[in-house]
Amino acid sequence: MTSSRGSGAKKRRLGKTEPRLWTKPLRELTRETSLGFEAIESAEIAGRKLHPWQKWFLIHSLELAPGSFAHDDFPVLRFKTVLLLVARQNGKSFIMSTRLLWRMLMWDGPEVEPALILGAAHKLGAAEEILDLSIKALRRSHGRKYIAHQSNVNGNKFFELSNGSRYKCEAASDDGGRGLSVTDLAFDELRQQRDWDSWSALTNTTNARFSSQVIAVSNAGTAKSAVLRGLRRQALERLKDWAEHVDSGVMDAEKFANTHDTTLGIFEWSAPDDCDIWDRDGWAQANPSMGYEDENGIAYVTEETIASKASLVGAMGEEGVPEHVFRTEILCQWVTAAVDSVFEDGVWESGVDESSRIADDSPLMMSVDVSHDRRMAYVAVSGFREDGSPHVEVVQMRPGPEWVVPFLSEHFSGSGAEAVVVQGRGAPASSMIEHLEAAGVPVMKCEGTDLGSAHGRFFDAVKAGRVFHIPQPALDAAVADGVMKPLSEVSVWDRAKSPADVAPLIACVQALWGLETIQVRKQPERRSAYEDRGLVVV
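One numbering rule holds for all chains: residues counted from 1, following each sequence as written. Thresholds applied to this predicted model are a pLDDT of at least 70 for local features of residues and 80 or more for the giving and counting of side-chain atom pairs; totals over whole chains, interfaces and linings are not thresholded and use all residues. The side-chain numbers reported here are obtained from all heavy atoms of the structure, hydrogens and water having been left aside.

Draft legend 1. Main features of the environment of Gly-414. A run of H or I in DSSP becomes a helix once it reaches four residues, and a run of E becomes a strand once it reaches two; helices and strands are each numbered from the N terminus. Mapped onto the elements of the fold, Gly-414 is located in helix H11 (residues 404-415). Only protein chains enter the accessibility calculation, which uses a 1.4 Å probe; a residue is then buried when its area is under 20% of its type maximum, exposed when over 50%, and partly exposed in between. Take Gly-414: its relative accessible area is 70%, and that puts it in the exposed class. Measuring from C-alpha to C-alpha, the distance between Gly-414 and Phe-384 comes to 18 Å, with 30 residues separating the pair along the chain.

See the structure below:
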């Protein structure tokens, strides 16, 4: 598809100020009910020119809780967690640094300690970029007189203002922020977090600070973006509840706040899910900075720039930028897979049973698999329910594979499992086999023709509605977004090319194969009636 071109001068198309998806305020936002107005004024101290959407975001994300007002000695922010999603290169880092400078310059809480800002991201350098933007903004403005101390040491960058407020950074990890008590946690590029360990460690640093806030910023994620995906799902469920109760007139906002948690806010600038990649209104909705100039009179995100990106998208099998990449980066759309799910709509979901469990007297098989990049390892189990149907479940998932052998060495004997199924060779988990056996854990290898058999039997059992499971985000994402690759005359899940991590799914496939295999082996050998008569069956 090509873009239409008109003749003569045309009006510049501007990005949209209001996001497509957002959490509605509990009351009218004024200078008394939102500290965003104060934050906008503090941006002027730092010499910053804000675009309309950035002002809108400050006003809405700094809404005060019901009963709290700006004139109070200690105002209380409504949101404990704020999700900001917007297409790349629209000033996410700029508005986050502006928001954090407000806290450092203007906040006076009841604690003895001044405000502490902690910036975090998947890489320390990414977190430090926002810190650098903040300190540079102060140095180039009247705010430079407030700078008391600054460290530019690599790996230990921080700065402190004359009022004692500090800003430091850490790389996201499962022990991040230990020993710190944080007023604002700024979590950048949340889409990169594939498990909840770092999020849990870092966000708990805000528990002991008055009116603290976690601000998580990103563009759209993928199936691997476990944290962002989970938080966004929760936020959208709350938007749905609001629509059903407040927008429909069932109850007013105040009553809704008394019966529902309203401390999670989402503000997402994204194009509608079904829009064409050349939908220019969709561009404006996902790129709110489009057409707006900075303090130097330069508009960096323009309609022409986005058009040039769209023109590089491959179509009809031609070489080019994959469409799902353009949608994720430029339209801020969640494209969980570049291909259709292996299972038809509703097939996997038909096996969901939140009360499903393995019967106490059932045989049990365990299995281990490791992601293609060895970032995560999974232990799955399979057994029979009371009704005789097989049940599969991921019972343990942690970063890296090092924990697996010690974990199974400690827990296998008490689990009642017959063995642990591992792919015999050619898989990241295969290297564990000799270590498991050395630790006394019986291993059942799935290799050769058994690989295809295991996947085929699992696929058939799911389609037939014979396999049950509880809802598990990692497993559900693998089923929804996993792709398969040919192996001789059969197909198996592809660890390397799947948009989602399919290792938890492969672990379940292997566990079910092991369960059914040992059941066949335990059945008594059947003799033919012809053999009893001395006849040979050919």
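Draft legend 2. Fine view of the packing of aromatic side chains. Any two rings among Phe, Tyr and Trp, with Trp reduced to its six-membered ring, count as a pair given centres within 6.5 Å; such a pair is stacked if its planes are under 30 degrees apart, edge-to-face if over 60, and tilted if neither. Counted according to the given criterion, the structure contains 15 aromatic pairs. Taking 5.9 Å as the distance between ring centres and 75 degrees as the angle between the ring planes, the aromatic pair formed by Trp-56 and Phe-267 counts as edge-to-face. Here Trp-56, found in helix H2 (residues 52-61), pairs with Phe-267, found in strand E9 (residues 264-268); they are 211 residues apart in sequence, far enough to count as distant. Taking relative accessible area as the criterion, Trp-56 reaches 12% and is therefore assigned buried. Ring geometry for Trp-278 against Trp-283: centres 5.7 Å apart, planes inclined by 50 degrees, an arrangement best described as tilted.

Draft legend 3. Representation of the nonpolar core in the model. We call a set of buried Ala, Val, Leu, Ile, Met, Phe, Trp, Tyr and Cys residues a nonpolar core when their side-chain atoms join them within 4.5 Å. Leu-100, Leu-138, Phe-159, Tyr-167, Phe-267 and Trp-269 are the most contacted members of the largest nonpolar core, which totals 49 residues. In terms of residues, this core owes the most to one element, helix H3 (residues 92-106), which gives eight residues. The contact definition used throughout considers only heavy atoms, calling two residues in contact when any of these lie within 4.5 Å. Apart from the residues within four sequence positions on either side, Leu-100 is in contact with Ile-117, Ile-130, Tyr-167, Asp-184, Ala-186 and Ile-215.

Draft legend 4. Just the sheet that holds E9, in detail. Spatially, the nine strands line up as an open sheet ordered E1-E9-E2-E8-E7-E3-E6-E5-E4, and their pairing is mixed. Each of the sheet's edge strands pairs with one partner strand only, and the pair in question is strand E1 (21-22) and strand E4 (147-151). A pair of strands is considered paired only if DSSP assigns at least 2 bridges between the two. Bridging between strand E3 (residues 116-121) and strand E7 (residues 184-188) involves four bridges; their strand directions are parallel. From the neighbouring strand, Ile-117 faces E7, where its bridge partner is Asp-184.

Draft legend 5. Examining unusual backbone geometry more closely. The backbone of Gln-89 shows a phi angle near 65 degrees, a positive value even though the residue is not glycine. Positionally, Gln-89 belongs in the loop between strand E2 (81-85) and H3. What makes Gln-89 exposed here is its relative accessible area of 62%. Although it is not a glycine, Arg-374 sits at a positive phi angle of roughly 65 degrees. Structurally, the position occupied by Arg-374 is in the loop between strand E10 (364-370) and strand E11 (376-384). Overall, Arg-374 belongs to the partly exposed group, its relative accessible area being 37%.

Draft legend 6. A look at the pattern of salt bridges. In what follows, salt bridge is the name for a side-chain nitrogen of Lys or Arg lying within 4 Å of a carboxyl oxygen of Asp or Glu. Scanning all chains against the criterion turns up 23 salt bridges. A salt bridge links Arg-20 to Asp-273, with the shortest nitrogen-to-oxygen separation between them at 3.7 Å. With Arg-20 in the segment before E1 and Asp-273 in the loop between E9 and helix H8 (280-286), the pair connects residues that are 253 residues apart, well separated along the chain. A relative accessible area of 27% means that Arg-20 is categorised as partly exposed.

Draft legend 7. A look at the packing of helix H1 (residues 36-45) against H3. To obtain an axis, a line is fitted to C-alpha atoms, over the contacting stretch when the element is a helix, and the angle between two such axes runs from 0 to 180 degrees between their N-to-C directions. Across the interface, H1 lies against H3 with an axial gap of 9 Å and an inter-helix angle of 95 degrees. With respect to each other, H1 and H3 are oriented roughly perpendicular. Between H1 and H3, the residues in contact are Glu-38, Ala-39, Ser-42 and Ala-43 and Thr-98, Trp-102, Leu-105 and Met-106, respectively. Classifying every residue of the contact of H1 with H3 gives five nonpolar, two polar and one charged. Here the angle decides the label: under 35 degrees means roughly parallel, over 145 means roughly antiparallel, 65 to 115 means roughly perpendicular, and every other value means oblique. Residues are grouped as follows: nonpolar covers Ala, Val, Leu, Ile, Met, Phe, Trp, Tyr, Cys and Pro; charged covers Asp, Glu, Lys and Arg; every other residue, Gly included, is treated as polar.

Draft legend 8. Expanded view of the pairing of strand E8 (residues 213-218). Counting buried positions along E8 gives six out of six residues, so the element sits mostly inside the fold. The alternating pattern of E8 places Gln-213, Ile-215 and Val-217 on one face and Val-214, Ala-216 and Ser-218 on the opposite face, and all of these are buried. Sheet topology places E2 next to E8; five bridges connect them, and they run parallel. Each residue of the ladder has a partner; that of Leu-85, found in E8, is Ser-218. In this structure, E7 lies alongside E8, joined through five bridges in parallel fashion. Bridge pairing in E8 places Leu-185 opposite Val-214. Viewed with both strands pointing away, a crossover whose connecting path from the first strand over the helix to the second turns clockwise is right-handed. Remark: the E7/helix H5 (residues 197-203)/E8 crossover connection has right-handed handedness.

Draft legend 9. Molecular detail of the side chain of Arg-99. With respect to the secondary-structure elements, Arg-99 resides in helix H3. Of the residues examined, Arg-99 reaches a relative accessible area of 1% and is grouped as buried. At 3.0 Å, the side chain of Arg-99 and the side chain of Gln-213 are in polar contact. In protein, a polar contact requires one atom able to donate a hydrogen and another able to accept it; more generally it is a pair of N or O atoms within 3.5 Å, and residues adjacent in sequence count only if both atoms are side-chain atoms.

Draft legend 10. Focus on a nonpolar patch on the surface. Surface patches are drawn from residues lacking salt bridges whose relative accessible area is over 30%; two like charges belong together within 9 Å, two nonpolar side chains (Val, Leu, Ile, Met, Phe, Trp, Tyr) within 5 Å. Each accessible area value is a Shrake-Rupley result obtained with a 1.4 Å probe; residue values ignore everything except the protein chains displayed when judging cover. Together, Leu-312, Val-321 and Val-325 make up an exposed nonpolar region whose accessible area comes to about 210 Å². Looking at where Val-321 falls in the secondary structure, it is placed in the loop between helix H9 (303-310) and helix H10 (323-329). The class of Val-321 is partly exposed, set by a relative accessible area of 31%.

Draft legend 11. Expanded view of the side chain of Ser-165. The residue Ser-165 is located in the loop between strand E5 (158-161) and strand E6 (166-171) in this model. In terms of polar contacts, Ser-165 uses its side chain to reach the side chain of Asn-163, at 2.7 Å. Contacts of Ser-165, omitting those with residues within four sequence positions, involve Met-104, Pro-114, Ala-115, Phe-159 and Glu-160.

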